[in-house]
Amino acid sequence: MTENASAAEPLAADSAIAVVGMSGRFPGAPDLDAYWANLLGGLCSVTDFTEEELIADGADPQEVRGRDYVPAKGHLVDADRFDAELFGFNRTEAAALDPQHRLLLQTAWSALEDAGRSPLGGTARTGVYVGGGPTEHMLAAQTDPRLAASLGALQVRILTDREFLAPWVSYRLGLEGPSLTVQTACSTSLTAVHLAVQSLLLGECDTALAGGVAVDAVHKRGYVHQQGGIYAPDGRCRPFDERAGGTVPGNGVGVVVLRRLSDALADDDPIRAVIRGSAVTNDGATKVGFTAPGVDQQTAAIVEAWAAAGLDPADAQYLEAHGTATALGDRIEAAAASAAFKGALGTGRIGIGSVKSNIGHLDAAAGVAALIKSVLMLEHATLVPNADVGRPHPELGFDDSPFHLVEGATAWPEPEFGPRRSGVSSVGIGGTNVHVVLEEAPPRAAAGEPDAQGAPEVLLLSARTGEDLRALAGRLAAVLRAPGAPSLADTAYTLSMGRTPMAVRGYVRAGDLAGAAELLAELASGGAPGLGGPDPLGEAWLAGEPVVREGGGRRVALPSYPFAGESHGAYRLVPLGPVAPGGAEPAGGGGPADLEQGVRALLAEALGLADAEDPEMTYFAAGGDSLTAVHLVGCLRDDFDLDVPITLFLEQLTLHEMARRIVATGEGDESLDALLAEFESE
């Protein structure tokens, strides 16, 4: 297949996958707008900590002051914050829940909203393919006997182990497609994307979430440099650069929403890019050691991915490489890529880079961070450089290769044949190599003049709290004022169809974008919940009634939910003192009133309540579930000598009534008869 012929190959909608939504949080970037601005500016977002910062955040002073300690990391700010109530977790569960789970849940929610789909909208045939890394929180929580006594060992494992990352997303968002936690070390999240692509092509699901998360610790930490190791001595990652000395660890999370291109086109989804092909290989035993990469199978992954796309690797204009900046890793990756892209050998026309220079090595989230970077470059038709880019390392042979290091942000010229295309590579310790072929989105039909004065539209907004509603209104106002804003009709349609209704509500009624932005800004400043004149649809919305917007539209990317949950901290690996067995202490005195009070205290502890004295609070409203019930049944038996059937926790009872029933049921038939007689008398 010649270059020109393959480049002109028509897009096969039935074998391609559309990226219809994305969300991520990366070092120095709380959202993808900030991420793109940092990439465009060639910024390095690795944080250099002071000795005082590290010690104040719990680092070992002796280690920090060591000669080989490097006080740098791709740090994720506020990684311990979580909107627990929105996802149905009580305070005790939220504190035990691993920060990776918390971040992934919120990022999955935001990615679905970016795709114009309600996160709780009943998208039953939606698959979840994600992975994560090991965490300090998980290790500390699973070895803390006090936490096991409070929650139960099984519950602690389910809340902290990375194998439950995908099931928690499926459970909390009501997604009934395949749910797989993927684990291939550093190539985890790009492998997850490949598996999601295959699942969509096989018809196992109609929509898929794919990505990864890596938060080894939420606290400020550096690392110890070892001579000959993989980490850089100066806290900077410079892939393919003559100054390259190793990688730098980082934290982050990213999720993409994928659909078959034919379905995305039919539903007029906001297509951000297209995946034309993907492939996975493993080096097997053809390398010098288990942790070493191999040339042949890295080459094979690239060639197979482009073959699956029906294209030639030489059709690419850019390669987003794994790029660890280690001497062995960069040399092998350059050799493998040169062999795969041999149709462009000696031209130097394919740009190459690695996002690790900007944010560090995100382990299980590294691949999705690279993929999202490439999608953003295709969207903006702009190539961005490595941070602090210098000259290519002479041992890589770039002078006689297909590649050149991108030296600055430059326009990505439209190819003579075909659309803009790039490849994304990821390599995992253990030898799993992944490559994905990306193509810019097909042209979308114009929606008409977005700011034309027309029939008034009602923009419906909701949030869990008034503060969140105001923040959302402010974000939306900024988007509608910006160049390239979506039409008012599409905005109204997306807010109506692509958001989950919540308790705190507001609306604005306007006939153009400027008017809508002005009213949204007023709402963000504390204005009345209904602005722009009374409207029957808006008033029904404020009253909490189900509403149906008349008129069409298409899904567009709008600001996602402004998560602003409180800090739930993270467990640390610290020595623990002796712990008394059991959870709550048995009530003293042995009387029914004392026993009931002790049971209430146990319920409050398990549900994360300050106390259980609210007479109207039910077990389920407090965040109780069947797994918590299993733990409570055991504690009641061990600590209070009460045998209670688990079915009691499945009834709609207030905590007061539940405590009374527990005491009566656990003490035997005589007490239960007395309780029933009391109910009858009432």
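To be clear, the structure that these remarks concern was listed above.
Residues numbered from 1 in each chain as written. Predicted model: local features only at pLDDT ≥ 70, side-chain atom pairs only at ≥ 80, totals over all residues. Heavy atoms only, no water.

## A closer look at the sheet that holds strand β1 (residues 17–25)
- If you trace the 11 strands from one edge of the open sheet to the other, you get β7-β6-β8-β10-β1-β11-β18-β17-β12-β13-β15, paired in mixed fashion. Looking at which strands have only one partner, the edges of the open sheet turn out to be β7 (179–181) and β15 (403–405). Across this sheet, the average inter-strand angle for adjacent strands is 25 degrees, counted without regard to direction.
- Alignment of strand β12 (residues 318–320) against strand β13 (residues 350–353), held across 3 bridges, turns out to be parallel. What sits directly across from Glu-320, in β13, is Gly-353. (Pairing = 2+ DSSP bridges. Helix = DSSP H or I, 4+ residues; strand = E, 2+ residues; numbered from the N terminus. Axes fitted to C-alpha atoms, helices over the stretch in contact; angles between N-to-C directions.)

## Focus on the pattern of salt bridges
- Enumeration according to the criterion identifies 38 salt bridges in this entry.
- Taking the shortest distance from any N to any O, the salt bridge between Glu-566 and Arg-91 comes out at 3.1 Å. Taken together, the residues span a long stretch of sequence, with Glu-566 in strand β22 (residues 566–567) and Arg-91 in helix α5 (residues 91–96) at a distance of 475 residues.
- For Asp-161, the salt bridge is made with Arg-157, and the minimal N-O distance between the two is 3.9 Å. (Salt bridge = Lys/Arg side-chain N within 4 Å of Asp/Glu carboxyl O.)

## Here we look at the pairing of β13
- Taking every second residue as pointing to the same face, both faces of β13 are buried, with Ile-350 and Ile-352 on one and Gly-351 and Gly-353 on the other.
- Here β13 runs beside β15; their pairing, made up of 3 bridges, is parallel. Bridge pairing in β15 places Gly-351 opposite His-404. (Buried < 20%, exposed > 50% of the residue type's maximum accessible area, 1.4 Å probe, protein only.)

## What about helix α16 (residues 366–380)?
- With 15 residues, α16 should reach 21 Å at 1.5 Å per residue; the first-to-last C-alpha distance of 21 Å fits that figure.
- Of all the 15 residues making up α16, 13 are buried; the element is thus mostly covered by neighbouring parts of the structure.
- At the exit of α16 stands Ala-381, carrying a positive phi of roughly 50 degrees. (Expected span 1.5 Å × (residues − 1).)

## A look at the sheet that holds strand β20 (residues 504–510)
- Taken in spatial order, the 3 strands line up as β19-β20-β21 in an open sheet, and their pairing is mixed. Of all the strands in the sheet, the pair left with one neighbour each is β19 (457–463) and β21 (530–531).
- Here β19 pairs with β20 via 7 bridges, running antiparallel. Counterpart to Val-458 in the pairing with β20 is Arg-509.
- Strand contacts of helix α17 (residues 466–481): β19 and β20, with the helix running at about 140 degrees to β19, the strand carrying the most contacts.
- Seen against the sheet, helix α18 (residues 488–497) touches β19 and β20 and runs at an angle of roughly 35 degrees to β19. (Contact = heavy atoms within 4.5 Å.)

## Looking at the layout of surface pockets
- In this structure, the second largest pocket occupies an estimated 870 Å³ of space.
- Lining the second largest pocket are 40 residues; nearest its centre among them are Cys-186, Ile-230, Thr-247, His-361 and Ile-429.
- Top element by residues in the lining of the second largest pocket is helix α14 (residues 327–340). It accounts for 4 residues.
- Class assignment of the residues belonging to the lining of the second largest pocket gives a composition of 16 nonpolar, 19 polar and 5 charged. (1 Å grid on protein atoms, 1.4 Å probe; cavity = no way out; pocket = protein on both sides within 12 Å on 5 of 7 lines; lining within 4 Å. Points joined across faces, edges and corners; volume = space filled by probe spheres on them. Nonpolar A, V, L, I, M, F, W, Y, C, P; charged D, E, K, R; others polar.)

## Observations concerning the packing of aromatic side chains
- On inspection of all chains with the given rule, the structure shows 16 aromatic pairs.
- Note on Phe-341 and Phe-403: the rings are 5.6 Å apart at their centroids and 75 degrees apart in plane angle, and the pair reads as edge-to-face. Separated by 62 residues along the polypeptide, Phe-341 in the loop between α14 and β13 and Phe-403 in strand β15 bring together distant segments of the chain.
- Relative accessible area serves as the criterion here: at 0%, Phe-341 is assigned to the buried category.
- For Phe-403, a relative accessible area of 2% gives the class buried. (Phe/Tyr/Trp six-rings, centres within 6.5 Å; stacked < 30°, edge-to-face > 60°.)

## Considering empty space enclosed by the protein
- Within the structure shown, the criterion is met by 5 cavities of 30 Å³ or more.
- Computed from the structure, the largest cavity encloses a volume of approximately 60 Å³.
- In terms of lining residues, the largest cavity is bounded by Gln-298, Ala-301, Ile-302, Glu-333, Ala-337, Ser-425, Ser-426, Val-427, Asn-433 and Val-434.
- Looking at the lining of the largest cavity, the elements with two or more residues in it are α13 (295–308), α14, β17 (421–427) and β18 (432–440).
- The class makeup of the residues in the lining of the largest cavity is 5 nonpolar, 4 polar and 1 charged.
- Empty space within the second largest cavity amounts to approximately 40 Å³.
- In terms of lining, the second largest cavity is formed by Asp-98, Pro-99, Thr-135, Glu-136, His-137, Val-215, Asp-216, Ala-217, Val-218, His-219, Ala-570 and Tyr-571.
- When the residues that make up the lining of the second largest cavity are grouped by side-chain class, the tally is 6 nonpolar, 3 polar and 3 charged.

## Regarding the packing of helix α6 (residues 99–114) against helix α10 (residues 165–173)
- Relative orientation of the contacting elements α6 and α10 amounts to 50 degrees, with a least axis distance of 10 Å. Classified by the angle between their axes, α6 and α10 sit oblique to one another. Here α6 runs over α10; the crossing is right-handed. In this structure, α6 uses Gln-100, His-101, Leu-104, Leu-105, Ala-108, Trp-109 and Leu-112 to contact α10, whose residues at the interface are Leu-165, Trp-168, Val-169, Arg-172 and Leu-173.
- Residue classes in the contact of α6 with α10 are distributed as 9 nonpolar, 2 polar and 1 charged. (Parallel < 35°, antiparallel > 145°, perpendicular 65-115°, else oblique. Left-handed = near helix turned anticlockwise from the far one by under 90°.)

## A few points about the state of the cysteines
- Applying the stated rule across the entire model yields 0 disulfides.
- This cysteine, Cys-237, is not joined by any disulfide, and Cys-44 carries the nearest cysteine sulfur, 8.7 Å off. (Disulfide = S-S within 2.5 Å.)

## Notes on the packing of α17 against helix α19 (residues 513–524)
- Where α17 contacts α19, the two axes come as close as 8 Å, and the packing angle between them is 155 degrees. As judged from the angle between their axes, α17 and α19 are roughly antiparallel. Seen along the crossing, α17 lies across α19 with a hand that is left-handed. Where α17 abuts α19, its residues Arg-470, Ala-473, Gly-474, Leu-476, Ala-477, Leu-480 and Arg-481 lie against Leu-513, Ala-516, Ala-517, Glu-518, Leu-520, Ala-521, Leu-523 and Ala-524.
- Residues of the contact of α17 with α19, tallied by class, amount to 11 nonpolar, 1 polar and 3 charged.

## A word on the environment of Leu-97
- Tracing the chain through its elements places Leu-97 in the loop between α5 and α6.
- Look at Leu-97 and you get buried, because its relative accessible area is 0%.
- With 82 residues separating them in the primary sequence, Leu-97 and Ser-15 have C-alpha atoms 38 Å apart.
- Setting aside chain neighbours within four positions, we find Leu-97 in contact with Phe-82, Phe-89, Arg-102, Leu-105, His-137, Leu-159 and Trp-168.

## Brief notes about the pairing of β1
- In terms of residue burial, β1 counts as a mostly covered element, since 9 of its 9 residues are buried.
- As defined by bridge partners, β1 adjoins strand β10 (residues 252–260) across 8 bridges and the pair is classed as antiparallel. What sits directly across from Ala-18, in β10, is Arg-259.

## Quick notes on the side chain of Thr-491
- For Thr-491, the location among the structural elements is in helix α18.
- A relative accessible area of 0% places Thr-491 in the buried class.

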